[in-house]
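Observations on chain architecture
Next come the chains, spelled out residue by residue.
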Amino acid sequence: MTPRLLIPAGLALLLSACGFHLRGLGASTPLAFASLNVTAPAGGLGDVLGRQLSLRPDLKLLTAKEAEAVLAVESEAIDKQILTVNKSGRVTEYQLIYRARFNLRQGAAERIPTTELTLRRDYSFDENNVLGKEAEEQILVRDMRSDAAQQIIRRLAALKPATAPYTPVPAAQ
């Protein structure tokens, strides 16, 4: 083997020996249910969740009557607060605050009680570039929705399968 090939081969061997592997598209934690319904107001987080969940090969998105579990996005809100002002009193930074409330029911059981996610993003404001800053704000909102959807999906993946209620086995006669 030439020295040029020896170094990459050695690095590959070291990486494989430590257990490192790239996360593939299909390498996701299995969910505690095989079908899900996402109920949410039109547009916003519900659409993002639907898109991301539809990419999972182990999950089917069905109607609320057919699905094993129902993920309900109760509300989402975006607030904008002034963070800093300059010496002449003009705004130089804003903070976007994104809040989303959701819960998960599986049958009659509430698997995830109503939970509120809060995400914050700061951005600078330039009154000479208002259109560009409005576009930046929209990109930040889109990214916060995507982050919220990923956090919700991670919480779904962390659930253990629901245990069936205990039913005693009749004694043999």
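The notes below deal with the structure included here. (Residues numbered from 1 in each chain as written. Predicted model: local features only at pLDDT ≥ 70, side-chain atom pairs only at ≥ 80, totals over all residues. Heavy atoms only, no water.)

Let us now look at the overall build of the protein. On a plain count of helices and strands, the protein comes out with 3 helices and 5 strands. Across the protein, helices and strands are ordered from the amino to the carboxyl terminus as α-β-α-β-β-β-β-α. Counting all 173 residues of the protein, 28% fall into the buried class. Taking as baseline every contact in the protein between residues at least 6 positions apart, the subset at least 24 positions apart corresponds to 66%. Summed over its atoms, the accessible surface of the protein is roughly 11800 Å², and 57% of this surface lies on carbon and sulfur atoms. (Helix = DSSP H or I, 4+ residues; strand = E, 2+ residues; numbered from the N terminus. Buried < 20%, exposed > 50% of the residue type's maximum accessible area, 1.4 Å probe, protein only. Contact = heavy atoms within 4.5 Å. Areas by Shrake-Rupley, 256 points an atom, 1.4 Å probe, with all protein chains shown as cover.)

Turning our attention to the packing of aromatic side chains. Within this structure, the stated rule accounts for 2 aromatic pairs. Seen in terms of ring centroids, Tyr-94 and Phe-125 are 5.5 Å apart; in terms of plane orientation they differ by 80°. Their pairing is edge-to-face. A residue pair is termed long-range when its members are at least 10 positions apart, and Tyr-94 in strand E4 (residues 91-106) and Phe-125 in the loop between strand E5 (109-124) and helix H3 (130-158) qualify at 31 residues. Tyr-94 gets classed as buried once you look at its relative accessible area, which sits at 15%. Assessed through its relative accessible area of 25%, Phe-125 is described here as partly exposed. One aromatic cluster is present, built from ring pairs that chain together Tyr-94, Tyr-123 and Phe-125. (Phe/Tyr/Trp six-rings, centres within 6.5 Å; stacked < 30°, edge-to-face > 60°.)

On to the nonpolar core, then. Within the largest apolar cluster, 33 residues are counted, with the highest numbers of intra-cluster contacts made by Phe-33, Leu-36, Leu-45, Leu-104 and Leu-156. Secondary structure elements with two or more residues in this core: helix H2 (45-54), strand E3 (69-85), E4, E5 and H3. At 9 residues, the largest contribution of residues to this core is made by H3. Excluding its chain neighbours within four sequence positions, the residues that come into contact with Leu-36 are Leu-53, Leu-59, Lys-60, Leu-61, Leu-62, Ala-67, Ala-69, Val-70, Leu-71, Leu-104 and Leu-156. (Core = buried A, V, L, I, M, F, W, Y, C linked by side-chain atoms within 4.5 Å.)

This brings us to the pattern of salt bridges. The final tally for this structure, using the stated rule, is 11 salt bridges. We note a salt bridge from Asp-58 to Arg-56, for which the minimum N-O separation is 3.2 Å. Residue classification places Asp-58 among the partly exposed residues on the basis of a relative accessible area of 29%. Here Asp-147 and Arg-121 are joined by a salt bridge, their closest N and O atoms 2.3 Å apart. Placement of the pair is Asp-147 in helix H3 and Arg-121 in strand E5, with a sequence separation of 26 residues. (Salt bridge = Lys/Arg side-chain N within 4 Å of Asp/Glu carboxyl O.)

Turning next to the pairing of E3. The pairing of strand E1 (residues 35-39) with E3 spans 4 bridges and is parallel. The partner of Val-38 across the bridge, within E3, is Leu-71. As judged from the 15 bridges shared by E3 and E4, these two strands associate in the antiparallel manner. Paired with Val-85 across the strands is Val-91, a residue of E4. The antiparallel pairing of E3 with E4 creates a hairpin that spans 5 residues between the two strands, and Gly-89 there sits at a positive phi of about 85°. (Pairing = 2+ DSSP bridges.)

Next up on the list: H3. Look at H3: 42 Å from first C-alpha to last across 29 residues, which is about the 42 Å you get at 1.5 Å a residue. Residues of H3 that are buried include every one of Lys-133, Glu-137, Leu-140, Val-141, Met-144, Ala-148, Ala-149, Ile-152, Ile-153, Leu-156 and Ala-157, and no others. On its buried face, H3 sits against E1, H2, E3, E4 and E5. (Expected span 1.5 Å × (residues − 1).)

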